[in-house]
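Below are the chains, spelled out letter by letter.
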Amino acid sequence: MKEIALHIMDVAENGVRAGAKRIEIAIRQEMENELLHITVEDDGHGMEKSELERTKDPFYTSRTTRNVGLGIPLFRQQAEMTGGKLEINSEPGKGTQLKADLHPGHPDCQPLGDLEGCWVLLVTSYPGIEWILNLSSEAGEFSISTTEIKSALEVKSISGIELSEHLKRLIRNNIDELGLYQELGGIHLFKS
Amino acid sequence: MEKIKSLADLKKIRDEKQSGLQTREKGEAGADDLVQVKVAMATCGIASGAKETMEFMIGALEKRGVDALVTQTGCMGYCYAEPTIEVTLPENEPVVFGGVDLDKADEIIEKYIKGGELVDGIIPVNYETIDNKE
């Protein structure tokens, strides 16, 4: 995986498989602590404590087509490589919450990547789910959800390349305005 | 082009060119007439570039006027051949293709989806042998 956005998309799909009706992705940047705090939360069927423990194992998966489950371990590895961590909380019947802390200033930190592309792809692939995206930094906050999009544009479903392109641009412009970390090693954060 | 920064901006653009934005509901025509494309989007798929493949398929099919429904699916088990896609032409059996980078995706659209001509790189899933045929 070359970008953080791809890890996020990957674990968000776990929520889809857990039968979630609502998946929220939140990214909060704290320049003071050089922290990128990412949360992926779903209201799917959740996991028992024993299964939760096993998500750390790259050879554990709930799928039947293969014997490895790399999504979470790879994301955790990425977080830990930057001196951060990844935690998951889950409760059967209530849902799962994955929280990752990364340090963008670390030279091993991957770029955030095409977050807007990943989000729009999730939104258009799984229209039965309410998707929420929350971005925040010292410069402010931005949030968008599929419910808001549908009601603002008065459409029943979000589809079509033109709409996708506009949505991506909307999100990208806000990511830029918030000054969310983009490059390897957070070099740009220290430009003064 | 003005900067789109909020949903209000988006609505304005949409209202300005109402005919441009496609808001037709997919599936209205009846799923049987649509070409169905499923892109495997598990960790192995994503790491191999399935996202680019999927975005390309959605865009190219729409631009070339093919009535298709492109969706994600989980791991189909062909991790060694990612990115993989499953294409179901109307009234046909699904066919799984492996190693679908952007060039291969383009070839699949032009040759298989539009022309019905089989393309290299098929992963046999549901071939019937003489024993199985009734």
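Up top is the structure.
Let me sum up the structure you'll find in this document. (Residues numbered from 1 in each chain as written. Chains lettered and ligands numbered in written order. Predicted model: local features only at pLDDT ≥ 70, side-chain atom pairs only at ≥ 80, totals over all residues.)

Looking only at helices and strands, chain A has six helices and six strands in total. Overall, chain A shows an N-to-C arrangement of helices and strands of α-β-β-α-α-β-β-α-β-β-α-α. The C-alpha radius of gyration of chain A comes to 17 Å, within 12% of the 16 Å expected for a compact globule of 192 residues. Every one of the 192 residues in chain A was classed for burial, and the buried ones make up 42%. Looking at chain A alone, contacts between residues at least 24 apart form 67% of all its contacts between residues at least 6 apart. (Helix = DSSP H or I, 4+ residues; strand = E, 2+ residues; numbered from the N terminus. Rg over C-alpha atoms; globule rule 2.2 N^0.38 Å. Buried ≥ 20, exposed ≤ 12 C-beta atoms within 10 Å, placed from the backbone. Contact = placed C-beta atoms within 7 Å.)

Here the bond from E82(B) into P83(B) is cis, since omega is -5°, no more than 30 degrees from zero. Within the fold, P83(B) resides in the loop between β2 (68-73) and β3 (85-88). Positive phi outside glycine occurs at E154(A), with the angle close to 55°. Within the secondary structure layout, E154(A) lies in the loop between α5 (146-153) and α6 (161-178). C-beta crowding within 10 Å serves as the criterion here: with 9 such atoms nearby, E154(A) is assigned to the exposed category.

Residues and elements named next belong to chain A. For strand β4 (residues 95-102), the buried fraction is high: six of the eight residues fall into the buried class. Where strand β2 (residues 35-42) and β4 come together, seven bridges link them in antiparallel fashion. Opposite D42, over in β4, you have T96 as the bridge partner. Note: strand β3 (residues 85-91) against β4, seven bridges, orientation antiparallel. Note that in β4 the partner of L86 across the bridge is A100. Linking β3 back to β4 in an antiparallel pair, the connection comprises three residues, with G93 at a positive phi of about 85°. (Pairing = 2+ DSSP bridges.)

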